[in-house]
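Each chain is listed here by its residues.
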Amino acid sequence: MYLPPVRQAIHIAGRLSIILTQVSCNFTDFLDNWARSLRTVGHTRFVAIAEDNFSLTHLHQRYPGHGCLSPYASLRRAAPLCRYSTGVYADVVIERGFYLAHYLEQGYDVLYSDIDIVFFRDPLPLLALSDAVLTAASDQDAHGEPCACTGFLYVRADTPLQRKWATRFCHQWSASLKQRRGWNQPRFNELIQPWLRQNCTAQRLPIDPRSSRNTHHLCAGIATRHAAPPSPSSA
């Protein structure tokens, strides 16, 4: 997969990070709100992957140097059909793991955010406090059980082994959705379980006690602890 070189990297605690999102033609107004809220917390650098030519034009006009066209864009059906919960929308979110893996392979830590998120504070200093390889916002599944939300993911790797683990998991996530269709968040939570059982532990990030009580929903970390990932047959 080819995506252009990153020119919008951010230096956080001596590390190179990127803030990543996806946008399609039905959601360019969401992108504007997202970018505005990101700017209010001090970040003007981000990478937005356009899933069609309309949104790419919007990016070039409003945010020069911040956007690139998805390598899968030519495979989409009519762009106006890319509405939430439609089949085309599901096709778009399937690629998320591939995008994360691509930038991890380039040596970046990645904060992926859906464009319906609003930032009230800069999340990166808080995320840097954790040694989790993968940090996700918390959510509830259809049965009310806690689960990881794939709309806010931070992936970092301090060692080559951790980077290999994170890249492999992200590839596995998107590849499994191409092989067996389904919604991306339940599949993510299904696939993370073998890692949690064999070589990972879950942890919660420290929360600022001065902030809203609801901030305990911000994130839950998943950190790899052992040297070897599980075998493909168990993942």
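Residue positions are given per chain, counting from 1 as you read along its sequence in written order. Confidence filtering applies because this is a predicted model: local features only for residues at pLDDT of at least 70, side-chain atom pairs given and counted only at 80 or more, and all residues used for totals across whole chains, interfaces and linings. Note: side-chain values were computed over all heavy atoms of the structure, leaving out hydrogens and water.

Caption draft 1: Representation of the overall build of the chain within the structure. Numbering of helices and strands runs from the N terminus, with a helix taken as a DSSP run of H or I at least four residues long and a strand as a DSSP run of E at least two residues long. Counting its regular elements, the chain contains seven helices and nine strands. Within the chain, buried positions represent 52% of all 235 residues. Taking contacts inside the chain between residues at least 6 apart in sequence as the whole, the part at least 24 apart equals 70%. Relative accessibility under 20% of the residue-type maximum defines a buried residue, over 50% an exposed one, and the middle range a partly exposed one, all with a 1.4 Å probe and only protein chains included. Should any heavy atoms of two residues lie within 4.5 Å, those residues are counted as being in contact.

Caption draft 2: Representation of the packing of aromatic side chains in the model. Aromatic rings from Phe, Tyr and Trp, with only the six-membered ring used for Trp, were paired whenever their centres fell within 6.5 Å, and each pair was classed as stacked if the ring planes differed by under 30 degrees, edge-to-face if by over 60, and tilted otherwise. Scanning all chains against the criterion turns up seven aromatic pairs. Centre to centre, the rings of tryptophan 165 and phenylalanine 169 are 6.0 Å apart; their planes meet at 10 degrees, and the pair counts as stacked. Residue tryptophan 165 and its partner phenylalanine 169 are both found in helix 6 (residues 160–179); the two are separated by four residues, about one turn of the helix. Given the relative accessible area of 3%, tryptophan 165 is considered buried. Judged by its relative accessible area of 1%, phenylalanine 169 is buried. Where phenylalanine 169 meets phenylalanine 188, the ring centres are 5.3 Å apart and the plane angle is 85 degrees; that geometry is what we call edge-to-face. Of this pair, phenylalanine 169 sits in helix 6 while phenylalanine 188 is found in helix 7 (residues 184–198), placing the two residues 19 residues apart along the sequence. Members of the aromatic cluster, joined through ring pairs, are Trp34, Phe46, Tyr63 and Phe119.

Caption draft 3: Region of interest: the nonpolar core. Ranked by size, the top nonpolar core spans 33 residues in total, and within it Leu20, Tyr103, Leu134 and Leu153 carry the most contacts. Sorting the residues of this core by element identifies strand 2 (15–23), strand 3 (47–50), helix 4 (96–105), strand 5 (109–113), strand 6 (134–140), strand 7 (146–155), helix 6 and helix 7 as the ones contributing at least two each. Nine residue types can take part in a nonpolar core, namely buried Ala, Val, Leu, Ile, Met, Phe, Trp, Tyr and Cys, and a core is a set of them joined through side-chain atoms within 4.5 Å.

Caption draft 4: Layout of the side chain of arginine 96. Within the element layout of this structure, arginine 96 appears in helix 4. Polar contacts, as used here, are pairs of N or O atoms within 3.5 Å; protein pairs need one atom able to donate a hydrogen and one able to accept it. Residues neighboring in sequence count only if both atoms are side-chain atoms. A polar contact of 3.3 Å, which involves the side chain of arginine 96, links it to the side chain of aspartate 114. Those residues in contact with arginine 96 that lie beyond four places of it in its chain are Gln22, Tyr112, Asp114, Thr150, Gly151, Trp173, Ser174 and Asn184.

Caption draft 5: Up close: the pairing of strand 2. A large share of strand 2 lies buried, amounting to eight of its nine residues. Taken together, the four bridges between strand 2 and strand 5 define a ladder with parallel strand orientation. The residue of strand 5 that forms the bridge with isoleucine 18 is valine 110. Sheet topology note: the strand 2/strand 3 ladder contains four bridges and is parallel. Pairing of threonine 21 across the sheet is with alanine 48, part of strand 3. Here the term right-handed applies to a crossover when the path leading from its first strand over the helix to its second strand runs clockwise, the strands being oriented away from the viewer. Following the backbone out of strand 2, through helix 1 (residues 28–40) and into the adjacent parallel strand 3, one traces a crossover that is right-handed. Strands are treated as partners if at least two bridges between them are detected by DSSP.

Caption draft 6: Main features of the pairing of strand 7. Taken across its ten residues, strand 7 has nine buried, putting it largely inside the fold. Judged from the four bridges that link them, strand 5 and strand 7 form a sheet pairing that is antiparallel. Considered in strand 7, the bridge of leucine 111 is made with tyrosine 154. Pairing of strand 6 with strand 7, which is carried by seven bridges, proceeds in the antiparallel orientation.

Caption draft 7: Main features of helix 6. Taking 1.5 Å per residue as the helical rise, helix 6 with its 20 residues ought to reach 28 Å, and the 28 Å between its terminal C-alpha atoms agrees with that figure. If you check which residues of helix 6 are buried, you get Gln162, Arg163, Trp165, Ala166, Thr167, Phe169, Cys170, Trp173, Ser174, Ser176 and Leu177. Residue count minus one, scaled by 1.5 Å, sets the expected span of a helix.

Caption draft 8: Representation of the confidence of the model for the chain within the structure. The predictor attaches a confidence to each residue, called pLDDT, with possible values from 0 through 100. Model confidence for the chain is summarised by a mean pLDDT of 75, while 69% of its residues fall at 70 or above. Note that residues 204–235 has pLDDT below 50 and, in this model, 82 contacts with residues that lie over four places away or in other chains.

Caption draft 9: Representation of the packing of helix 4 against helix 6. To get an axis, a line is fitted to the C-alpha atoms, and for a helix only the part in contact is used. The angle between two axes follows their N-to-C directions and goes from 0 to 180 degrees. Helix 6 packs onto helix 4 with a crossing angle of 155 degrees between their chain directions and a minimal axis gap of 7 Å. With respect to their mutual orientation, helix 4 and helix 6 come out roughly antiparallel. Where helix 4 crosses over helix 6, the handedness of that crossing is left-handed. Two secondary-structure elements touch here, helix 4 through Arg96, Gly97, Phe98, Leu100, Ala101, Leu104 and Glu105 and helix 6 through Arg163, Ala166, Thr167, Cys170, His171, Trp173, Ser174, Ala175 and Lys178. Here the residues of the contact of helix 4 with helix 6 sort into eight nonpolar, four polar and four charged. By definition in this entry, angles of less than 35 degrees are roughly parallel, angles greater than 145 are roughly antiparallel, angles of 65 to 115 are roughly perpendicular, and the rest are oblique. The hand of a helix crossing depends on one turn: near helix anticlockwise from the far one by less than a right angle means left-handed, and clockwise means right-handed. Here the term charged refers only to Asp, Glu, Lys and Arg, the term nonpolar to Ala, Val, Leu, Ile, Met, Phe, Trp, Tyr, Cys and Pro, and the term polar to all other amino acids, Gly among them.

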